[in-house]
Amino acid sequence: MILAGDIGGTKTILALFDWKHERVESVRERTFASADFKSLEEVIAEFLKPPAKSEAPAEEEAEAEADAPEPVAEPPEEPPAIEAACFGVAGPIIENRCKTTNLPWVVDGPALAAYLKVGQVRLLNDLEATAYGLLVLRPDEFVVLNAGAARPVQPTAAMALIAAGTGLGEAILYGDGAAYHPMPSEGGHASFAPTSDLEIDLLRHLRSSYLHVSYERVLSGAGLHAIYEFLRDTKRNEPTWLAERIKVGDPAAVIAEVGLAGQSELCQQALDMFASVYGAEAGNLALKALALNGLYVGGGIAPKLIPKLKDGTFMRAFSAKGRYKALLNSIPVRVIMNPKTALLGAASVASRLQPAQAA
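My aim in this report is to walk through the structure given alongside it, one point at a time. (Residues numbered from 1 in each chain as written. Predicted model: local features only at pLDDT ≥ 70, side-chain atom pairs only at ≥ 80, totals over all residues. Heavy atoms only, no water.)

**Let's talk about the pairing of strand β4 (residues 84–89)**
Among the six residues in β4, six count as buried, and that is most of the element. Residues A84, C86 and G88 of β4 are buried on one face, and the alternating residues A85, F87 and V89, pointing to the opposite face, are buried as well. Direction of pairing for strand β1 (residues 2–7) relative to β4: parallel, over a ladder of six bridges. When the sheet's bridge partners are listed, I7 is paired in β4 with V89. Sheet analysis places β4 next to strand β7 (residues 121–125), joined by five bridges and oriented parallel. (Buried < 20%, exposed > 50% of the residue type's maximum accessible area, 1.4 Å probe, protein only. Helix = DSSP H or I, 4+ residues; strand = E, 2+ residues; numbered from the N terminus. Pairing = 2+ DSSP bridges.)

So this is what it looks like as C-alpha cells:
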C-alpha cells in the first residue's frame, strides 16, 4: 500500500492506493483543514486511524441487544502497512524538505520516512506533483482551448503547466525521447508584466500595496479580487447588492459567478482582464519552455471559468507575441478538469518507490 498526499495552505488531501504499475482509484481518501493541525505527522496519524464503525439507531440497538448473544471482543483493526509515500507540497522543496509557504509547518522527507517506518518518503512541489499527475490523466479529463497544429508528438519536445488557484504555480516537463520529466519552478512569483495601458494602471494600483508585484498577485483567487477592486475604484460602478455579496462570501467565487451569469458589467470586466493576463503569462511560459507538445492549464480556478476561457480572450493574449504568433497558435492548449491531479501525481511517484518496484 502507498500513501499519497496533496498538501496545501487551506486543505490537505491524503489517500491510500494499491498502485503497482498503472493508475488505480484510491482505497481510502480524506480531506483535512490544514490549519487544524500543527504538522503533517498529526494529519497522517488522524488519517491512519481505523475508520469508525457506523452506529445503529438507539431503538434498533436496544432490540438487537435483547436477542443477541454475548458479544465477542474483536481485536482492534491494524493500521495499513505503508510501503512508500509521496507528498505534493505547496512550497519550494530543497533537499527533500519544505518550509510551507502558507502554513507554519516544516515537512521533512527523512523525518516522515522514520515516522512511517518506510525506506523513503519523496516530497514534490505541488506543481511538480500536478505535472506527474498530468501524465496519467485520460483524454476525457481535459477541455481543449486550442487544438494546435496537426503534427506528430515530438518525443524530445517539452510540455508546460500553469495553474492558478490559491496561488500561481508553473512547471515544465521535458522529454528525453522515452519519458517526460517534470521540473518544478517558482515562476508564479516572477514580476508581473503589463501588456496594455489598463494593465499598467493595474500595476500602479497594486504597487501601492506591494513592493514587488508578481504574477501571483494577479493570477490567483486573491488576484481576481484585486483586479475587481482596481476596476471598482477606477470606474466606481459597483452596485450595492454586489458589494454586500462580496462582503459576506468568497470574493473570487462571487465575482466569477456573477460575471459568468452576465449580472454585472464590473465582474465581466474583471473576468476579461483576468483571462487576458492568464493567457499572456501562459504564452510566456510556452515560449520559455518551447512547449511544442502542449501547454496545460491546471489549478482550481480554470475549470470554473471554462466559458470565459473558451470565448477567445485567453487564446488571443496567449498568442499575441508578435513574430511568434503562428508558433504559439500551433501549440495545443488544454485545461485539466480532474481536481485530484496532484494527488494522482504523488501516488504515481510513490508507486515507483515501493521495494517491489525497485527490485
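Okay, back to it.
**Let's talk about helix α9 (residues 265–289)**
Spanning 25 residues, α9 covers 36 Å between terminal C-alpha atoms, matching the ideal 36 Å at 1.5 Å per step. Among the 25 residues that make up α9, 18 are buried, leaving the element largely enclosed by the rest of the structure. A positive phi of about 50 degrees marks L290, the residue just after α9. (Expected span 1.5 Å × (residues − 1).)

**Remarks on the environment of P332**
When you line up the elements, P332 lands in the loop between α12 (325–329) and β13 (333–336). As a C-alpha pair, P332 and N284 span 48 residues in sequence and 15 Å in three-dimensional space. The contacts of P332, once residues within four sequence positions are left out, are N146, A147, G148, L292, N293, G294 and L295. (Contact = heavy atoms within 4.5 Å.)

**Description of the sheet that holds β1**
On the basis of which strands lie adjacent, the open sheet formed by five strands has the order β3-β2-β1-β4-β7 and mixed pairing. Only two strands of the sheet have a single partner each, and these edge strands are β3 (28–33) and β7. This sheet shows a mean twist of 15 degrees between the axes of neighbouring strands, independent of strand direction. Strands β4 and β7 of the sheet are contacted by helix α4 (residues 126–134), whose axis makes an angle of about 100 degrees with β7. Of the strands in this sheet, β1, β2 (11–17), β3, β4 and β7 are in contact with helix α13 (residues 341–351), which crosses β1 at around 145 degrees. (Axes fitted to C-alpha atoms, helices over the stretch in contact; angles between N-to-C directions.)

**Description of unusual backbone geometry**
Glycine aside, residues mostly have negative phi angles, and peptide bonds mostly take the trans form. Located in the positive-phi region is R236, a residue other than glycine, with phi close to 50 degrees. Relative to the helices and strands, R236 resides in the loop between α6 (221–235) and α7 (240–248). Of note, the phi angle at L290 is positive, near 50 degrees, even though the residue is not glycine. Counting through the fold element by element, L290 comes out in the loop between α9 and β12 (295–298).

**Section: the environment of A164**
Looking at where A164 falls in the secondary structure, it is placed in strand β9 (residues 159–164). The sequence separation of A164 and E216 amounts to 52 residues, and the corresponding C-alpha distance is 7.9 Å. Setting aside residues no more than four positions away along its own chain, A164 makes contact with L219, S220, F274, Y278, G298, G299, G300 and I301.

**Describing the pattern of salt bridges**
One pass over the full model with this rule turns up 14 salt bridges. Taking the shortest distance from any N to any O, the salt bridge between R122 and E128 comes out at 3.9 Å. In this structure R122 comes out as partly exposed when scored by relative accessible area, which is 27%. One salt-bridge network, held together by shared partners, links R23, R138, D140 and E141. (Salt bridge = Lys/Arg side-chain N within 4 Å of Asp/Glu carboxyl O.)

**A closer look at the packing of aromatic side chains**
Enumeration over the complete set of coordinates arrives at eight aromatic pairs. Pairing F32 with F37 gives two aromatic rings, centres 5.7 Å apart and planes at 85 degrees, and the pair type is edge-to-face. No difference in accessibility class separates F32 from F37, as the two residues are buried. Where F142 meets Y296, the ring centres are 5.5 Å apart and the plane angle is 55 degrees; that geometry is what we call tilted. Note that F142 is positioned in strand β8 (residues 142–146) and Y296 in strand β12, a separation of 154 residues in sequence. (Phe/Tyr/Trp six-rings, centres within 6.5 Å; stacked < 30°, edge-to-face > 60°.)

**Observations regarding the sheet that holds β12**
By way of backbone hydrogen bonds, the strands of a sheet pair with one another, either parallel or antiparallel. One open sheet accounts for six strands, arranged β8-β13-β12-β9-β10-β11; its pairing is mixed. Here the strands that pair on one side only, and so sit at the sheet edges, are β8 and β11 (180–184). Ignoring which end each strand starts from, the neighbouring axes of this sheet average 25 degrees apart. As paired strands, β9 and β12 are joined by four bridges and run parallel to one another.

**Here's the deal with the packing of helix α1 (residues 40–48) against helix α3 (residues 109–116)**
In the contact formed by α1 and α3, the axes pass within 11 Å of each other and the chain directions differ by 30 degrees. By the angle between their directions, the pair α1 and α3 is classed as roughly parallel. Judged by the twist between their axes, the crossing of α1 over α3 is right-handed. Across the interface between the two elements, L40, E41, I44, A45 and L48 from α1 touch L112, Y115 and L116 from α3. Partitioned by chemical class, the residues of the contact of α1 with α3 number seven nonpolar, no polar and one charged. (Parallel < 35°, antiparallel > 145°, perpendicular 65-115°, else oblique. Left-handed = near helix turned anticlockwise from the far one by under 90°. Nonpolar A, V, L, I, M, F, W, Y, C, P; charged D, E, K, R; others polar.)

Function cannot be inferred from these measures alone, as they are strictly geometric.
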